[in-house]
Amino acid sequence: MSADAAMRRPQFDRMVFAVKWGASIIQIMGYTATGFGWTPWNLYLFLIGVLGWFAVGAMWKDNALMLVHLVALGAMVVGMMSG
C-alpha cells in the first residue's frame with residue numbers, strides 16, 4: 001500500500017462507519033414507525049436504510065450484502081407501486 005493510500009484509508013473507514021451506523025439507525029426508526037403504524041413514513045425510512053446498506057456493500061465490495069439489499073429495494077419499490 002502506498003503512503004498516499006495509507007493516509008486515505010482512515011478517512012474511508014470513517015465514511016463507511018458513518019454510513020453503516022446512519023443506515024442502521026434509520027432502519028431501526030423504520031421498524032419503530034412500523035410498530036406504531038406510521039405509514040408511509042416507515043417505508044421511506046426503510047428505503048433510506050436499504051440504500052445506505054447497499055452503499056456499504058459497494059464500499060466493502062461485498063456482493064452478498066449488495067445483493068440482499070438490492071432485492072429488498074426491488075421488493076419494496078414493487079410493493080409501494082402496487083399499493
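Our subject is the structure listed above.
In this report, the structure presented in the accompanying data block is examined. Quick caveat, the model's predicted, so the values are computed rather than measured.

1. Some words on the side chain of Q27
Next up, step 1: One can find Q27 in helix α1 (residues 3-35).
Next up, step 2: Classification of Q27 as buried rests on a relative accessible area of 12%.
Next up, step 3: Excluding residues within four positions of it along the chain, Q27 makes contact with F46, G49, V50 and W53.

2. Let's talk about the packing of α1 against helix α2 (residues 41-60)
Next up, step 1: Where α1 contacts α2, the axes come no closer than 8 Å and their chain directions differ by 155 degrees. For the element pair α1 / α2, the angle class is roughly antiparallel. Every pair of crossing elements has a handedness; the one defined by α1 and α2 is left-handed.
Next up, step 2: When the residues that make up the contact of α1 with α2 are grouped by side-chain class, the tally is 18 nonpolar, seven polar and one charged.

3. Topic: the packing of aromatic side chains
Next up, step 1: The full count for this structure, using the stated rule, is four aromatic pairs.
Next up, step 2: Aromatic side chains F17 and W21 sit 6.3 Å apart centroid to centroid with 50 degrees between the ring planes, which places their arrangement in the tilted category. Separated by four residues within a single helix, F17 and W21 lie in helix α1, roughly one turn from each other.
Next up, step 3: Here F36 and W38 contribute two aromatic rings whose centre-to-centre distance is 4.9 Å and whose plane-to-plane angle is 15 degrees, an arrangement assigned as stacked.
Next up, step 4: On the accessibility criterion, F36 (59% relative accessible area) is exposed.

4. Some thoughts on the pattern of salt bridges
Next up, step 1: Taken as a whole and assessed by the stated rule, the structure comprises one salt bridge.
Next up, step 2: The partner of D13 in a salt bridge is R9, and the shortest N-O contact between them spans 3.0 Å. Of the two residues, D13 and R9 are both situated in helix α1; the distance of four residues between them amounts to about one turn of the helix.

5. Regarding helix α3 (residues 63-82)
Next up, step 1: Spanning 20 residues, α3 covers 28 Å between terminal C-alpha atoms, matching the ideal 28 Å at 1.5 Å per step.
Next up, step 2: For α3, the set of buried residues is L65, H69 and M76. The buried side chains of α3 occupy one side of the element, clustering within an arc of 25 degrees when seen end-on. Exposed residues pointing more than 90 degrees away from the buried face of α3 are listed as N63, A64, L67, V71, A75, V78, M81 and S82.
Next up, step 3: Contacts from the buried residues of α3 go to α2.

What counts and how
Numbering of residues starts from 1 in every chain and runs along the sequence as written. A pLDDT threshold of at least 70 governs which residues receive local features in this predicted model, and a stricter bar of 80 or more applies before side-chain atom pairs are shown or counted, although totals over entire chains, interfaces and linings include all residues. Note: side-chain values were computed over all heavy atoms of the structure, leaving out hydrogens and water. Each helix is a run of DSSP H or I of at least 4 residues and each strand a run of E of at least 2, with the numbering of both proceeding from the N terminus. Between buried and exposed lies partly exposed: a residue is buried under 20% and exposed over 50% of the maximum accessible area for its type, with that area taken using a 1.4 Å probe on protein chains only. The contact rule is simple, with two residues in contact once any of their heavy atoms fall within 4.5 Å. Angles shown run from 0 to 180 degrees and are taken between the N-to-C directions of axes, each axis being a line fitted to C-alpha atoms and, for helices, limited to the stretch in contact. Geometric relationships in this document are graded by angle, where less than 35 degrees denotes roughly parallel, more than 145 denotes roughly antiparallel, 65 to 115 denotes roughly perpendicular, and other angles denote oblique. Put simply, a crossing is left-handed when the front helix is turned counterclockwise from the back one by less than a right angle, and right-handed when it is turned clockwise. Throughout, the ten residues Ala, Val, Leu, Ile, Met, Phe, Trp, Tyr, Cys and Pro are labelled nonpolar, Asp, Glu, Lys and Arg are labelled charged, and all others, Gly among them, are labelled polar. Two rings from Phe, Tyr or Trp (for Trp, the six-membered ring) form a pair when their centres sit within 6.5 Å of each other. Planes less than 30 degrees apart are called stacked, planes more than 60 degrees apart edge-to-face, and all others tilted. A pairing counts as a salt bridge when a side-chain nitrogen of Lys or Arg comes within 4 Å of a carboxyl oxygen of Asp or Glu. A helix is expected to span 1.5 Å multiplied by its residue count minus one. What the arc covers is the set of directions going from the helix axis to the C-beta atoms.

All we've got here are geometric facts, nothing functional implied.
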